[in-house]
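Take a look at the letters that make up each chain.
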Amino acid sequence: MKKLTILSLLYFLVSCAGAGVRFQKYDKYDPKIARVVTMAVFDMGSNTSAKSEEEHVKLFGSIAQTQVGSLHGSLIPGGDLTLKAAEAIGLKKDLDTAVGKMTEAIVNSNSIDPQTTIVFAKIAAKLGVEGLAFPLVSGGKDSFTSGGVSFRFVLYDVRSSSLVYVAQTEPIEISSLIYDKADDTQKNAMVSSASTKAVNDLFNAVKKGLEKK
């Protein structure tokens, strides 16, 4: 009964806590962009690929690939496959650096530096795509109870070497009082529930933003 009460309370809190989402569409947005691949989830906190075994990372990567297929017309296998592509051309470390610089450019409202555009162009050529979609998280599962985890989604157009749009949630938090009393299965359920709602809110904001002229 105690375990059921904890989970029931959590689901209630998650369902009632809407994730605020910021969305920005840039001037060079081209609605005809096609062949967009979803990159592996990147951790903005550590500036490296996120741990793919963590629940919120798996969810974000899976939902992002499906949504990119829906938004941009074709579902192209991506995720960890894009890391293998980067490794095959000797650019894995350069890719991490480039994504980190891209996030800095977004935060500081700066232009993306030329070296980053070169790295993205080489990755896109290897994958045979026009656009790179980046799912970004702000930390690992422990961050849910210590400051929260935010989800960011970025589309980059290789043809124009420019950002297309950016969406980001406010930090999503889980009460440590609830989380610490749960077992591992319940903790995964908490992270899954909170992440699913936040990521769905994120892509709903993207869809509405793209519909506006």
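Refer to the structure above for everything that follows.
Residues numbered from 1 in each chain as written. Predicted model: local features only at pLDDT ≥ 70, side-chain atom pairs only at ≥ 80, totals over all residues. Heavy atoms only, no water.

Engineer: Lay out the packing of aromatic side chains in plain terms, naming residues and giving numbers.
Structural biologist: One pair of aromatic rings is described through two measures. These are the centre distance and the angle between the planes. In the structure shown here, the tally under the stated rule is six aromatic pairs. Taken together, a centroid distance of 5.1 Å and an interplanar angle of 40° make the contact between Phe 120 and Phe 134 tilted. Note that Phe 120 is positioned in helix α5 (residues 114-127) and Phe 134 in strand β6 (residues 131-137), a separation of 14 residues in sequence. Given the relative accessible area of 0%, Phe 120 is considered buried. Note on Phe 134: relative accessible area 1%, which makes it buried. (Phe/Tyr/Trp six-rings, centres within 6.5 Å; stacked < 30°, edge-to-face > 60°. Helix = DSSP H or I, 4+ residues; strand = E, 2+ residues; numbered from the N terminus. Buried < 20%, exposed > 50% of the residue type's maximum accessible area, 1.4 Å probe, protein only.)

Engineer: Tell me about the environment of Asn 188, residues and numbers included.
Structural biologist: In this fold, Asn 188 is placed in helix α7 (residues 184-211). Distance from Asn 188 to Val 206, taken between C-alpha atoms, is 27 Å for residues 18 residues apart in sequence.

Engineer: Account for the packing of helix α4 (residues 92-107) against α5, naming residues and giving values.
Structural biologist: In the contact formed by α4 and α5, the axes pass within 9 Å of each other and the chain directions differ by 125°. With respect to their mutual orientation, α4 and α5 come out oblique. Between α4 and α5 the crossing geometry is left-handed. Along the contact surface, α4 presents Asp 94, Leu 95, Ala 98, Val 99, Lys 101 and Met 102, while α5 presents Thr 116, Val 119, Phe 120 and Ile 123. Taken together, the residues of the contact of α4 with α5 sort by class into seven nonpolar, one polar and two charged. (Axes fitted to C-alpha atoms, helices over the stretch in contact; angles between N-to-C directions. Parallel < 35°, antiparallel > 145°, perpendicular 65-115°, else oblique. Left-handed = near helix turned anticlockwise from the far one by under 90°. Contact = heavy atoms within 4.5 Å. Nonpolar A, V, L, I, M, F, W, Y, C, P; charged D, E, K, R; others polar.)

Function-wise, these values are silent; they only describe arrangement.
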